[in-house]
Amino acid sequence: MKKFALPLLALILTLTLFTACGGSGGGTIKIGLQGPMTGDYAYEGKGFENAVKMLVEQTNAAGGINGKKVELIVEDDAGDPTQSALVAQRLVDAKVIAVIGAYNSTATEPASAIYNEAGILHITPSSTAVRLTTKGYPRFFRVCFLDDRQGLFAAKFMQQVMGAKNIGILHDNSTYAQGLAEETKKYAEEMGLTIGFYDAINPDDQDFTPILTKIGAANLDAVFFTGYHSQAGLLLKQSKELGLNIKWVGGNAANNPVMVEIAGLGAARGMYVITEPLPKDLNYAEAKQFVADYKAKYGEEPASVWTIMAGEAFNVIRYAIEQTKSTDPKVLAEYLHNTMKNVNGLTGPILGWDEKGDRRGTIHVAYVIDDKGNFVLNSVQPTP
Amino acid sequence: MQFIQQLINGVTIGSFYALVALGYTMVYGVLKMINFAHGDLFMWGAYLGLTGMTLLVGWATQGSAWMIAPVAILVILVVALTGVLVERVAYRPLRSAGRLAPIISALGVAFILESLARNLYGAKWQTYPSGVTPSGGLMLSGGVRIGIMQIAVLIASFVLMGALYLFVQRTRLGMAMRAVSLDANVSRLMGVDVDRIISVVFLIGPGLGGAAGLIVALYYGSFDFTLGWTFGLKAFIAAILGGIGNIPGAMLGGMLLGVVETLASGYISPQWKDVIAYIVLILILLFRPTGLLGERIAEKV
């Protein structure tokens, strides 16, 4: 009897291992989510988790994807690159086929290298740093849009909605604002707009009357300020005091009620602000359903656009698995690159991805400041 | 016409620099010491004004221009007394300790005042309640415009500067100040109470600075805790430019700096404004090391 014991044990062990493998590989689809559940961005990380959990529950309640249940594994990277590499390795070891995350570009960067190595599909809902998609990772995608799309949208808005021919662009010499100003200038010139004024302010200044007097004399149809809200407020206030009728457009860094406070209601009224929409302002049936479900489940509307973007990332993965009937990350990535086009997403039509993995189109919208000083969606938007 | 408008803009900024520069120049004239805390005393004028205005507007439920008067008196008093206190605590004990110690002590006071404002009021931008400052302005020919606030600011600045000039030139206390600034020891022998004169200087300089802080905050409507640094540095340069220790010099230096900066921003670019302004400053100092209206030190020796 004794001499059979070892082979028997081996047989039992092998059988157990096989069933274990078969159980996880065949029964469920494992999807990872990494984000900052603690730390400075914990609010955004919680939004990620809430959004994706809700959609996974809905999917499973409806029978899963192609009959298989989805198993979600959530990991906390605290927004930190070192922590991010650790949790990425953990998700790889858990044999996920796809990962949603991370929130900030700093955390997404090290994780994307690990997922690329492991051959996993990786979609970030919110990391906009340009260099992330320049590394030639074939299975890395974004559902958010690069900063340059804001410039493209701003140029279109000034041309199509404001009817501008001669525009001005003003930045504040910060990396972000200067980059946006340069992108906007590039797109505006391609569209045939004249850049009648292009300059920068010094954000430490309190008095902008010299540059405003110059802008006022340049007879521009619109002026795009790409800097931050405090300077935007001072610019609005001082241009009104100089009696100038400048048609101001602000970028998403001006999207802050403090700007209206600094400028005063009379000076801020009618200013346009180009920014990512609040989830409640997304005018698509899918978005409205998502916001309503979210509110019913968690008691409040999602306040951040990145929450709905995380949901978008999950829906993209689900849709790709449904369409390809495959859970092979390579097949899914090829589908996203080449075939998935013009699908209705949570954040508007998904036009597809370019060869680098950047989403085509844009999500930006134009708000206008109304008589009460609130930011309301402008009734006219440029064509996408 | 744009040129005239830019000149008006420049003179407005220049009058702010001049008002703040007076505080640097008075202290230097009497003590031969640079009071680096002056910029932050000026900034406290803006914050105290904000508190006063907010309380008054809250009490009256609506902002109105008359509120500036009581708030101004309060601000000038509090900042002036703070100035005297700073001199007592941080400068007087160091008066015989050489040149370096009082400068470091002054920088220390500057950082303390700035951090206090940031910690008590928060780092965010502060805005004055609406309805306090009158808006509107005069349209001159050719699209040139002077705002009511610009006119008010210019008048207030010139009245304050003129009053100070007359005070120093025409009163006994002013004469004593001039005597101390020429030679403190001889003045003491002549029966001038030097400590009292220095206290008076630290009452008037910061008082004027507090008034300037209130005026600047009313004019721009919003500011943050770095206001003292931004204006303080420029005003200090204006004082040097005009000849530190010289009251009309501070006025001239402030106006000149404001106009040069404005023309550089308006006709070249705000990015080059400081480069141009400082080249002008260096050139003036190369030819007149004691500033435009500064005394010729060489003659004294």
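Just so we're clear, the structure is a prediction, and the values are computed from it rather than from any experiment.

K.L.:
Help me out: how do you make sense of the overall build of chain A in this one?
P.N.:
A tally of regular secondary structure across chain A gives 13 helices and 14 strands. Its C-alpha atoms give chain A principal-axis dimensions of about 105 × 40 × 40 Å. For chain A, buried positions account for 48% of its 384 residues. Excluding contacts between residues fewer than 6 apart, the proportion of contacts in chain A whose partners are at least 24 apart in sequence is 68%.

K.L.:
I would appreciate a short explanation of the pairing of strand β7 (residues 194-200) of chain A in the present structure.
P.N.:
Remember that side chains alternate between the two faces of the sheet whenever the strand is regular. Residue and element names in this part refer to chain A. Relative to β7, strand β6 (residues 166-171) runs parallel, the two sharing six bridges. Considered in β7, the bridge of Leu-170 is made with Asp-199. Note that the unit made of β6, helix α6 (residues 175-190) and β7 has a crossover that is right-handed.

K.L.:
What am I meant to see in the sheet that holds strand β4 (residues 121-124) of chain A here?
P.N.:
All names here are of chain A. Spatial ordering of the open sheet is given by β2-β1-β3-β4-β5, a layout of five strands whose pairing is parallel. Looking along the sheet, the strands with just one partner apiece sit at the ends: β2 (69-76) and β5 (140-142). Recorded for the sheet is a direction-independent mean angle of 25° between the axes of neighbouring strands. Pairing of strand β1 (residues 28-35) with β2 involves eight bridges; the strand directions are parallel. Within the sheet, the bridge partner assigned to Lys-30 lies in β2 and is Glu-71.

K.L.:
Sorry, what's going on with the interface of chain A and chain B here?
P.N.:
A common way to express how large an interface is: the accessible area buried when the components associate. With 25 residues of chain A at the contact, the number on the chain B side is 23 residues. Of all elements in the fold, only β7, α7 (209-217), α8 (229-241) and α9 (257-263) of chain A reach the threshold of two or more residues within the side of chain A that touches chain B. The element best represented in the side of chain A that touches chain B is α7 of chain A, accounting for six residues. Of the residues in the side of chain A that touches chain B, the class split is nine nonpolar, nine polar and seven charged.

K.L.:
Mind showing me how you'd approach the domain arrangement of chain A here?
P.N.:
Its domain assignment divides chain A into domain 1 (8-142 + 283-350) and domain 2 (148-276 + 365-377). Domain 1 of chain A and domain 2 of chain A are separated by 37 Å when their C-alpha centres are compared.

K.L.:
Explain the nonpolar core here, please?
P.N.:
One broad rule of soluble globular proteins: the nonpolar side chains tend to lie buried together. With 136 residues, the main nonpolar core has Ile-167, Val-223 and Val-249 of chain A together with Ala-18, Ala-21, Leu-22 and Val-201 of chain B as its most contacted residues. Here this core takes 16 residues from helix α8 (residues 194-220) of chain B, the largest share from any one element. Core analysis: the next-biggest nonpolar cluster, separate from the first, contains 54 residues, Val-52, Val-96, Val-305 and Ala-310 of chain A among them.

K.L.:
In this structure, what is going on with the packing of helix α5 (residues 148-170) of chain B against α8 of chain B? I would like to understand it.
P.N.:
The relative placement of two packed helices comes down to the angle between their axes together with the axis-to-axis distance. Residue and element names in this part refer to chain B. Here α5 crosses α8 at 175°, and the two axes come no closer than 10 Å. When the interaxial angle is binned, α5 and α8 end up roughly antiparallel. Listed contacts from α8 to Met-149, Val-153, Ala-156, Leu-160 and Leu-164 of α5 are Leu-208, Ala-211, Ile-215 and Tyr-219. Its residues assigned to classes, the contact of α5 with α8 comprises nine nonpolar, no polar and no charged.

K.L.:
How should I be thinking about the sheet that holds strand β8 (residues 222-225) of chain A in this particular structure?
P.N.:
Whether parallel or antiparallel, the strands of a sheet pair through hydrogen bonds between backbone atoms. All names here are of chain A. One open sheet holds the seven strands; their spatial order is β7-β6-β8-β9-β10-β13-β14, and the pairing between them is mixed. In this open sheet, the two strands that pair with only one neighbour each are β7 and β14 (375-377). Ignoring strand direction, the axes of neighbouring strands in this sheet form an average angle of 25°. In this sheet, β8 lies alongside β6 in parallel orientation, the contact comprising four bridges. By the bridge assignment for β8, Ile-167 is matched with Ala-222.

K.L.:
Would you explain the confidence of the model for chain A in this entry?
P.N.:
Any segment with low pLDDT has predicted coordinates that should not be analysed in fine detail. Residue and element names in this part refer to chain A. Here chain A shows a mean pLDDT of 88. Residues at 70 or above account for 93%. Summarising per-element confidence for chain A, the mean pLDDT is lowest in helix α1 (residues 2-27) (51) and highest in β8 (97). Taken together, the stretch residues 15-25 has pLDDT below 50 and engages in one contact with residues farther than four places along the chain or on a different chain.

K.L.:
Sorry, what's going on with the environment of Tyr-128 of chain B here?
P.N.:
All names here are of chain B. Note that Tyr-128 resides in the loop between β1 (126-127) and β2 (137-139). When the C-alpha atoms of Tyr-128 and Tyr-47 are compared, they prove to be 9.6 Å apart, with 81 residues separating the residues in sequence. Excluding its chain neighbours within four sequence positions, the residues that come into contact with Tyr-128 are Leu-50, Met-53, Ala-217, Leu-218 and Gly-221.

K.L.:
What exactly am I supposed to notice about the environment of Glu-261 of chain A here?
P.N.:
Among the structural elements, Glu-261 of chain A can be located in helix α9. Residues Glu-261 of chain A and Ser-230 of chain A, spaced 31 residues apart in sequence, show a C-alpha to C-alpha distance of 9.4 Å. Apart from the residues within four sequence positions on either side, Glu-261 of chain A is in contact with Gly-233 of chain A together with Thr-127 of chain B.

K.L.:
I'm lost on the confidence of the model for chain B in this one. Help?
P.N.:
Residue and element names in this part refer to chain B. Overall, the prediction assigns chain B a mean pLDDT of 89, with 98% of residues at 70 or greater. Low confidence marks residues 297-301, where pLDDT is under 50. Its contacts with residues over four positions away, or in another chain, come to one contact. Scoring of the predicted complex yields 0.77 for pTM and 0.85 for ipTM.

K.L.:
Would you take a moment to explain helix α2 (residues 38-60) of chain B for this structure?
P.N.:
Here α2 of chain B is 23 residues long and its end C-alpha atoms lie 33 Å apart, about the 33 Å a rise of 1.5 Å per residue gives. Of the residues trailing α2 of chain B, Thr-61 of chain B is marked for its positive phi of about 60°.

Cut-off values and rules
- Residues numbered from 1 in each chain as written.
- Chains lettered and ligands numbered in written order.
- Predicted model: local features only at pLDDT ≥ 70, side-chain atom pairs only at ≥ 80, totals over all residues.
- Helix = DSSP H or I, 4+ residues; strand = E, 2+ residues; numbered from the N terminus.
- Buried ≥ 20, exposed ≤ 12 C-beta atoms within 10 Å, placed from the backbone.
- Contact = placed C-beta atoms within 7 Å.
- Pairing = 2+ DSSP bridges.
- Right-handed = clockwise from strand over helix to strand, strands pointing away.
- Axes fitted to C-alpha atoms, helices over the stretch in contact; angles between N-to-C directions.
- Nonpolar A, V, L, I, M, F, W, Y, C, P; charged D, E, K, R; others polar.
- Domains from an automatic or database assignment.
- Core = buried A, V, L, I, M, F, W, Y, C linked by C-beta atoms within 7 Å.
- Parallel < 35°, antiparallel > 145°, perpendicular 65-115°, else oblique.
- pLDDT = per-residue confidence, 0-100.
- Expected span 1.5 Å × (residues − 1).

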